[in-house]
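As a plain string of letters, each chain reads:
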Amino acid sequence: MPGPIYSRQLGKFVSLRKGLARIEARLLVIAPLEAAEKARRQQREAGEAASFQQGIRNLSSEVQRLRRAGRLHRTHFNPFEVIERKRCEQTHSNILAWLLNPDEAHGLGDTFLRSFVTRVFSAELGTTEGALVVREGRFNNGQCDIVVKNDDWVVVIENKLYAPEWNDQTVRYAQHWRTAPGRRTFFAFLTRDGSRARSNRFKPVTYATVRDLLATLKPSPDSAPFIEQFIDHLWFAGGRVW
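Heads up: these notes are all about the structure in this document. Since the model is a prediction, treat every value here as computed from it, not as a measurement. (Residues numbered from 1 in each chain as written. Predicted model: local features only at pLDDT ≥ 70, side-chain atom pairs only at ≥ 80, totals over all residues. Heavy atoms only, no water.)

1. Focus: the overall build of the protein
- From N to C terminus, the protein includes 7 helices and 5 strands.
- Reading the protein from its N end, one meets helices and strands in the order α-α-α-α-β-β-β-α-β-β-α-α.
- Scored against the burial criterion, the 242 residues of the protein give a buried share of 34%.
- Long-range pairs, those at least 24 residues apart, make up 57% of the contacts in the protein with a sequence separation of at least 6.
- Surface accessibility of the protein: about 15500 Å² in total, with carbon and sulfur atoms responsible for 53%. (Helix = DSSP H or I, 4+ residues; strand = E, 2+ residues; numbered from the N terminus. Buried < 20%, exposed > 50% of the residue type's maximum accessible area, 1.4 Å probe, protein only. Contact = heavy atoms within 4.5 Å. Areas by Shrake-Rupley, 256 points an atom, 1.4 Å probe, with all protein chains shown as cover.)

This is the structure we're talking about:
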């Protein structure tokens, strides 16, 4: 005759079988529901994809119709595209150097220079008296695109629109300028997408940052149209057309 221990174990086994049976029954109910929901989701996604593809075809047909009718024209004026300087690294460096120079006729004074250092390096520049801006600053081991300096600090900007860094440029530039006695040094690697420089002393900066900074400033009435065109150029071209 079975003992009490055997009876308890048998009871647990019976309870377990009943529990498994209930789970199996629930699964038999849920599985068809999940299959139906999956089929509906796939049908919905297929419909959305077909609608999107039809929209693209309609748009393409409309563009072709307007082109044949002679009614398709560009609506955004970009002077940098007109003079074929939209992708010119030298032109962009010249404009940036002009904006960074407190003595130029843009009417910004040292505001853009200070804003750039504050935004990129989270630092206060201090006095800008005696600031000198140098384009293609040459030294024994190369030349930097933009150097802004006075007796207290040096801002070095390496500008790369398309060309990659070559021959460890930033490493050599950092080695050269960090030895400047008594000067704080700020190194920026300016690109369209925030790429990193070979030297970890150079902080990555995007043209979107430049654009956003300029959009907050108030230049002189004479220079405002040019700066606004440059902002528009960076807005429409940056990352999409370049």
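2. Observations regarding the environment of A97
- Mapping A97 onto the fold places it in helix 3 (residues 89–100).
- Taking C-alpha positions, A97 is 9.0 Å from D145, a pair spaced 48 residues apart along the chain.
- What A97 contacts, discounting residues up to four positions off in sequence, is V133, R135 and I146.

3. Brief notes about the pattern of salt bridges
- Counted under the stated rule, the structure contains 5 salt bridges.
- The shortest N-O distance in the salt bridge between E158 and K160 comes to 3.4 Å.
- Judged by its relative accessible area of 2%, E158 falls in the buried class.
- K160 gets classed as buried once you look at its relative accessible area, which sits at 7%.
- Taking the shortest distance from any N to any O, the salt bridge between R211 and D212 comes out at 3.3 Å.
- Look at R211 and you get buried, because its relative accessible area is 15%. (Salt bridge = Lys/Arg side-chain N within 4 Å of Asp/Glu carboxyl O.)

4. Topic: the side chain of H106
- Looking at the secondary structure, you find H106 in the loop between helix 3 and helix 4 (111–121).
- Judged by its relative accessible area of 0%, H106 falls in the buried class.
- Of the polar contacts made by the side chain of H106, one reaches the backbone oxygen of L99; its length is 3.4 Å.
- Excluding anything up to four places from it in sequence, H106 contacts W98, L99, N101, P219, S220, S223 and I227. (Polar contact = N/O pair within 3.5 Å; in protein donor to acceptor, adjacent residues only side chain to side chain.)

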